[in-house]
Amino acid sequence: EEARDNSLSILQKTVNDPKASKDAVDAASKSITAMASATLQESKIESLVTAKGYTDCVAFIGDNSVSVVVKAKNDLKASDVAKITDIVVGETKFSAGDVKVISSSQQ
């Protein structure tokens, strides 16, 4: 989250810099839009996963993959991983092979 906020701040400075070239402003604007889209997708994935009965979930969309960390009431089974993967595939452009589901430790 902190790294994303820092990146967003730098991109926003470029967009607002009157000395920045049009190409730099366009590239920064495109990156901001992509970050916003990924953040919305992550939030939706997290909501859908927790709606399936998992106690907590954090999703992160990278350039080439999606990682989903899930805290479940019990250990994750293959069927759980399949359900979560289906949610991610349905909400993103990624294929099942691009999705990594990680079980967080129980506390």
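Conventions adopted
- In every chain, residue numbers begin from 1 and rise along the written sequence.
- The predicted origin of the model limits local features to residues at a pLDDT of at least 70 and limits the giving and counting of side-chain atom pairs to 80 or more, whereas totals for whole chains, interfaces and linings rest on all residues.
- Note: side-chain values were computed over all heavy atoms of the structure, leaving out hydrogens and water.
- Working definition: helices are DSSP H or I runs of at least four residues, strands are E runs of at least two. Numbering for both runs from the N terminus.
- Between rings of Phe, Tyr and Trp, where Trp is taken as its six-membered ring, a pair exists when centres lie within 6.5 Å; planes separated by under 30 degrees are stacked, by over 60 edge-to-face, and by other angles tilted.
- Whether a charge lies above a ring is judged from NZ of Lys or CZ of Arg, which has to be within 6 Å of the ring centre and within 35 degrees of the ring normal.
- Along the chain, pLDDT gives the predictor's confidence residue by residue, from 0 to 100.
- We define a nonpolar core as any set of buried Ala, Val, Leu, Ile, Met, Phe, Trp, Tyr and Cys residues linked to one another through side-chain atoms lying within 4.5 Å.
- Three labels apply to residues, based on accessible area from a 1.4 Å probe with only protein chains included: buried if under 20% of the type maximum, exposed if over 50%, partly exposed otherwise in between.
- Whether two residues are in contact is decided by their heavy atoms, any of which lying within 4.5 Å being enough.
- Cavities and pockets were defined on a 1 Å grid built over protein atoms only: a cavity is a set of grid points that admits a 1.4 Å probe from which the probe cannot escape, a pocket is an open set flanked by protein on both sides within 12 Å along at least five of seven lines, and lining residues are those with an atom within 4 Å of any such point.
- Grid points are joined across faces, edges and corners, and a volume is the space filled by probe spheres set on the points.
- Classification used: nonpolar for Ala, Val, Leu, Ile, Met, Phe, Trp, Tyr, Cys and Pro, charged for Asp, Glu, Lys and Arg, polar for all others including Gly.
- Only C-alpha atoms enter the line fits that serve as axes; for helices the fit covers just the stretch in contact. Angles between N-to-C directions range over 0 to 180 degrees.
- Left-handed is the label given to a crossing in which the near helix is rotated counterclockwise from the far helix by less than a right angle, and right-handed is the label when the rotation is clockwise.
- Should DSSP find at least two bridges between two strands, the strands are regarded as paired.

**Q** How should I be thinking about the environment of S29 in this particular structure?
**A** Within the secondary structure layout, S29 lies in helix α2 (residues 22-51). The sequence separation of S29 and L8 amounts to 21 residues, and the corresponding C-alpha distance is 10 Å.

**Q** What is the right way to read the packing of aromatic side chains from this model?
**A** For any pair of aromatic rings, the description rests on two quantities: the centre-to-centre distance and the angle between the ring planes. Within this structure, the stated rule accounts for zero aromatic pairs. The ring of F94 is capped by K93, whose NZ or CZ atom sits 4.2 Å from the centre of that ring.

**Q** For this particular structure, what's the right way to read the confidence of the model for the chain?
**A** Atomic detail in the predicted coordinates should be set aside for any region of low pLDDT. For the chain, the average pLDDT comes to 89, and 96% of its residues sit at 70 or higher. The least confident element of the chain is helix α1 (residues 2-16), whose mean pLDDT is 82; the most confident is helix α3 (residues 78-91), at 95.

**Q** What's the story with the nonpolar core in this structure? I'm lost.
**A** For soluble globular proteins, the rule of thumb is that nonpolar side chains tend to be buried together. Among the nonpolar cores identified, the biggest contains 18 residues, and I45, V49, Y54, V68, V70, L76 and I84 are the most heavily contacted of them. Counting only elements with at least two residues in this core, the list comes to α2, β1 (56-61), β2 (66-71), α3 and β3 (99-103). Those residues in contact with V70, other than ones at most four positions away along the chain, are V49, Y54, D56, C57, L76, I84, V101, I102, S103 and S104.

**Q** Explanation requested: the layout of surface pockets in the structure shown.
**A** Empty space within the largest pocket amounts to approximately 580 Å³. For the largest pocket, the lining is made up of 21 residues, of which R4, A38, E42, F60 and I61 are closest to its centre. Residue assignment for the lining of the largest pocket shows that the elements contributing at least two residues are α1, α2 and β1. When residues in the lining of the largest pocket are grouped by element, the largest group, nine residues, is from α2. Of the residues that constitute the lining of the largest pocket, the class distribution is nine nonpolar, six polar and six charged.

**Q** Where do I start with the packing of α2 against α3 in this structure?
**A** Two measures define how a pair of helices packs: the angle their axes make with one another and the distance between the axes. It is the contact of α2 with α3, at a shortest axis distance of 10 Å, that shows an interaxial angle of 145 degrees. Like other packed secondary-structure pairs, α2 and α3 cross with a definite hand, here right-handed. Contacts between α2 and α3 involve Q41, K44, I45, L48 and V49 from the first element and I84, I87, V88 and E91 from the second. Among the residues making up the contact of α2 with α3, the classes are represented as six nonpolar, one polar and two charged.

**Q** What should I look at first to understand the sheet that holds β1 in this one?
**A** The strands making up a sheet are joined through hydrogen bonds of the backbone, oriented either antiparallel or parallel. Read from one edge to the other, the open sheet built from three strands follows the order β1-β2-β3, with strand pairing classed as mixed. Bordering the open sheet on either side are β1 and β3, each of which pairs with just one other strand. For this sheet the average axis-to-axis angle between neighbouring strands, irrespective of direction, equals 15 degrees. Summarising the sheet, β1 and β2 pair through six bridges and their orientation is antiparallel. When the sheet's bridge partners are listed, C57 is paired in β2 with V70. Against the sheet, α3 makes contact with β2 and β3, and its axis sits at roughly 135 degrees relative to β3, the strand it touches most.

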